[in-house]
Each structure stands twice: as C-alpha cells, then as structure tokens.
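# Tertiary structure, described
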Amino acid sequence: MLRLLEDKIATPLGPLWILADEQGCLRAVEWEEHSDRMVELLNIHYRSQGYERIGASNPGGLSDKLTAWFEGELSIIDDLPTATAGTPFQHEVWKALRQIPCGQVMHYGQLAALLGRPGAARAVGAANGSNPVSIVVPCHRVIGRNGTLTGYAGGVQRKEWLLRHEGYLLL
C-alpha cells in the first residue's frame, strides 16, 4: 500500500495541499478548495494498489520549499522530485512543462510542436489539465495562442498571480 504523507501550507492564494511519498517525491499539489479533484486523481491512479493519506509535517522538506517559492525563491522548485502516475504521453507533456523557464510562457500549439506532435494542441491541453503537481510542474506557464490565460484548474486569477510572481506579467 502506498503511504502518502500530507501537509497543508498557507499561501497568498489560499491553503495548498502537498502530498509526498515516503521517499520525499511529490505525488500531488492542490489548492484546498479543489481537493475533490486531487482525490479523484489519487483514486484513478492509486486505488487499485491501495493508498493511505497520513498527516505529516513538512514531508521531505517539500512544504518549506514551496513556502520559500511563494516567498520569492523561484528556482527552488526546479529540481524538486516528483513521482506521479499517468500515461506515457502525460509524462512527456509534464516533463516538457518543467523545461519552460520561469518568467516565460508558451502556448499549447508550441508545446505540442516541441514534443514533435504539431497537431496535438488539444491533447497537450488535456495532459496539462491532468497534471497532479501544479506549480512544480508549471502548467500555469502554458497560455492560449492569442495570449489569453486559459485552462488553469486552480482558476484563471491564480494563474495570473503565478505568472506575475514569476515575472511574466507586469504588475
């Protein structure tokens, strides 16, 4: 049975759940008000093998690191370990998301082309939306072709804040 160590931190955007495995790898990061989405993804990926959520303080030091990110240490998330379940295509998209530099964005079509699948913008969008480790796997750095801030599961206002925090959008 998979043991998931969970903590909740306060952020400028509201409480944030952090779930890690016993090896200190992130399995989920989700806003408290969207915790039903997190539970749904956990059930899809881990119900068959079984999992339990156990309260923990700062599992793997990840709570402190995400708190530091919100306080301005933007590069601290670059190397945080993740171990998420998903399809090979989802993993390909999530790996590419981590290559988008802080303070920069790309649109879904650009990300699809980067992956060698120029006609797969919608599939990339769906994989982006299934990302269980937001912020660390920076799905907020993907925007609409026309520059609109679309498609962030935590809400467009949060996406805008995150992009301002990283220096893409000016205050």
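Scope of this entry: the structure provided in the associated data block. (Residues numbered from 1 in each chain as written. Predicted model: local features only at pLDDT ≥ 70, side-chain atom pairs only at ≥ 80, totals over all residues. Heavy atoms only, no water.)

## Quick notes on the packing of aromatic side chains
For the structure on display, the rule yields four aromatic pairs. Seen in terms of ring centroids, tryptophan 31 and phenylalanine 70 are 6.3 Å apart; in terms of plane orientation they differ by 75°. Their pairing is edge-to-face. Remark: phenylalanine 70 occurs in helix H2 (residues 62-70) and tryptophan 31 occurs in strand S3 (residues 26-31); sequence separation between them is 39 residues. On the basis of relative accessible area, tryptophan 31 is assigned to the buried category, the value being 0%. Classification of phenylalanine 70 by relative accessible area gives buried; the value is 9%. Considering the side-chain rings of tyrosine 46 and tyrosine 51, the 6.4 Å spacing of their centres and the 70° angle between planes classify their relative orientation as edge-to-face. For tyrosine 46, a relative accessible area of 4% corresponds to the buried category. (Phe/Tyr/Trp six-rings, centres within 6.5 Å; stacked < 30°, edge-to-face > 60°. Helix = DSSP H or I, 4+ residues; strand = E, 2+ residues; numbered from the N terminus. Buried < 20%, exposed > 50% of the residue type's maximum accessible area, 1.4 Å probe, protein only.)

## Concerning the pairing of strand S2 (residues 16-20)
By the criterion of burial, S2 is predominantly enclosed, with five of the five residues buried. Where strand S1 (residues 2-9) and S2 come together, five bridges link them in antiparallel fashion. By the bridge assignment for S2, lysine 8 is matched with tryptophan 17. Linking S1 back to S2 in an antiparallel pair, the connection comprises six residues, with glycine 14 at a positive phi of about 110°. Relative to S3, S2 runs antiparallel, the two being bridged by five bridges. By the bridge assignment, isoleucine 18 is partnered in S3 with valine 29. In sequence, S2 turns back onto S3 through a hairpin of five residues, with glycine 24 there showing a positive phi of about 85°. (Pairing = 2+ DSSP bridges.)

## With respect to the sheet that holds S3
Taken together, the four strands give an open sheet; going across it, the order is S3-S2-S1-S4, and neighbouring strands pair in mixed fashion. A single partner strand is all that each edge strand has here, and the edge strands are S3 and strand S4 (51-55). Taking the axes of each pair of neighbouring strands and ignoring which way they run, one obtains an average angle of 25° across the sheet. (Axes fitted to C-alpha atoms, helices over the stretch in contact; angles between N-to-C directions.)

## Here we look at the nonpolar core
Grouped burial of nonpolar side chains is what soluble globular proteins tend to show. The biggest cluster of nonpolar side chains holds 37 residues, and the ones touching the most others in it are Val93, Leu97 and Ile135. Those elements that place two or more of their residues in this core are S2, S3, H2, helix H3 (88-97), helix H4 (108-114) and helix H5 (121-129). In terms of residue count, the dominant contributor to this core is H3 (five residues). Counting 10 residues, the second-largest nonpolar core is a separate cluster that includes Leu2, Ala28, Tyr46 and Ala85. (Core = buried A, V, L, I, M, F, W, Y, C linked by side-chain atoms within 4.5 Å.)

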